[in-house]
Amino acid sequence: MPELPEVETFKRYLDSTSLMKTIKKVEVRDRRILSCTITALKKTLQGKTFKNSIRHGKNLFVDLDSSYLMLHFGMTGDLEAFENKDDEPRYSKVLFEFTDGTFLSYVSMRMFGRVGVVDDMDEYLTEKKLGPDALKMNYTEFKEALNKRSAIAKSALLNQEIFAGIGNIYSDEILFRTRIHPKTKINLLEEEQLKALFKNIKDVLEYGIEHEGELSEYSQDFLIPHRDKEERCPKCGTEIERYEISGRHGFFCPLCQKIAK
DNA sequence: AGCGATGTTCGCCG
DNA sequence: TCGGCGAACATCGC
């Protein structure tokens, strides 16, 4: 379930369960999940300590002092800490064993996530062309990121090169809150709308983090609990519509969210 | 039994 | 160059 709020939740989970622990052994259950060689992963991690973790967008970096373990969770990634090796979860792809006898699994049902090592975090972000983190950016950076962009709002929010961390579900929520139609061209938004958009990006992502990405527990005032056919807009009661943009489907309220022209 | 899915990437085309 | 489209990737649950 990984958009920015979920990845931030994973970060906090990793921090509370595994920080300052030293890696005794790494076991790879399916090497297709790796973005580096199995040898490089083991060689880099063995004997290193999880000093700190840094989240940028949907990427989680674990500081090993001279390099980083990079975790991307794809569509189904998760982390699970446990104390007995017998408890290794289903779909565990990479198992980290610490010297204190505890474990951490990178879990993913599918093969869309990635685990690897990177020497230089900034270099990695540049290489992947990732924009500023959606939660950490300030208004100036937000405006700068959108500068000269003409994409429709939905695509812009999903584009990790503009800013990093927003995915399909939260982008719909942000647009709903800001009352922007997903197909509104981003460069047609007025200053007031941009300010509201910026604020709602923060508010929605922060709300998500506070609720640890538990979508089922979100307030009924949100669009998120109404992402379904025959659901009604929590603000005006109009039937929610389904739409599709480049193969991604989403939901919006046709009355609340009008196209700016 | 087929379809859809919280992500990323790439080639094609306007 | 930018941006939209659609497919590919992988695999399970509904």
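The structure under discussion appears in the preceding block.
Conventions adopted
Residues numbered from 1 in each chain as written. Chains lettered and ligands numbered in written order. Predicted model: local features only at pLDDT ≥ 70, side-chain atom pairs only at ≥ 80, totals over all residues. Heavy atoms only, no water. Pairing = 2+ DSSP bridges. Helix = DSSP H or I, 4+ residues; strand = E, 2+ residues; numbered from the N terminus. Axes fitted to C-alpha atoms, helices over the stretch in contact; angles between N-to-C directions. Contact = heavy atoms within 4.5 Å. Phe/Tyr/Trp six-rings, centres within 6.5 Å; stacked < 30°, edge-to-face > 60°. Patch = residues over 30% accessible without salt bridge, like charges linked within 9 Å, V, L, I, M, F, W, Y side chains within 5 Å. Areas by Shrake-Rupley, 256 points an atom, 1.4 Å probe, with all protein chains shown as cover. Salt bridge = Lys/Arg side-chain N within 4 Å of Asp/Glu carboxyl O. Lys, Arg positive; Asp, Glu negative; His and termini not counted. Charge placed at Lys NZ, Arg CZ, Asp CG, Glu CD. Buried < 20%, exposed > 50% of the residue type's maximum accessible area, 1.4 Å probe, protein only.

**Student:** I'm lost on the sheet that holds strand β8 (residues 114-118) in this one. Help?
**Tutor:** Strand-to-strand pairing in sheets goes through backbone hydrogen bonds, with the strands running parallel or antiparallel. Sheet architecture is open: four strands sit in the order β2-β3-β4-β8, paired in antiparallel fashion. With one partner strand each, in any of the chains shown, β2 (52-56) and β8 form the two edges of the open sheet. Put simply, the sheet's adjacent strands are angled 20 degrees from each other on average, direction ignored. Where strand β4 (residues 68-72) lies against β8, five bridges are found, and the strand directions are antiparallel. Among the inter-strand pairings, methionine 70 is bridged to a residue of β8, identified as glycine 116. With respect to the sheet, helix α1 (residues 4-18) is in contact with β2, β3 (59-63) and β4, its orientation differing from that of β2 by roughly 180 degrees. Across the sheet, helix α2 (residues 38-45) is in contact with β4 and β8; its angle to β8 comes to roughly 60 degrees.

**Student:** Where do I start with unusual backbone geometry in this structure?
**Tutor:** Unusually for a residue other than glycine, lysine 129 sits at a positive phi of about 60 degrees. The residue lysine 129 is located in the loop between α3 (121-127) and α4 (139-146) in this model. Residues other than glycine seldom take positive phi values, yet arginine 179 does so here, at roughly 60 degrees. You can see arginine 179 is positioned in the loop between α6 (168-178) and α7 (191-210).

**Student:** When you look at the side chain of threonine 184 in this model, what are you seeing that I'm missing?
**Tutor:** Mapped onto the elements of the fold, threonine 184 is located in the loop between α6 and α7. The residues contacting threonine 184, other than those within four sequence positions of it, are Ala151, Ile152, Ala153, Leu189, Lys258, Ile259 and Ala260.

**Student:** Mind showing me how you'd approach the packing of aromatic side chains here?
**Tutor:** Two aromatic rings, taken as a pair, are described by how far apart their centres are and by the angle between their planes. Taken as a whole and judged by the stated rule, the model has 16 aromatic pairs. Look at tyrosine 243 and phenylalanine 252: their rings are 5.7 Å apart centre to centre, the planes differ by 75 degrees, and that puts the pair in the edge-to-face class. Put simply, the rings of Tyr139, Phe142, Phe163 and Phe198 touch in pairs and so form one group of aromatic residues.

**Student:** Where do I start with a negative patch on the surface in this structure?
**Tutor:** A cluster of acidic residues, Asp119, Asp120, Asp122, Glu123 and Glu127, forms a negative patch at the surface. Topologically, aspartate 120 is positioned in the loop between β8 and α3. When its relative accessible area of 35% is taken as the criterion, aspartate 120 is described as partly exposed.

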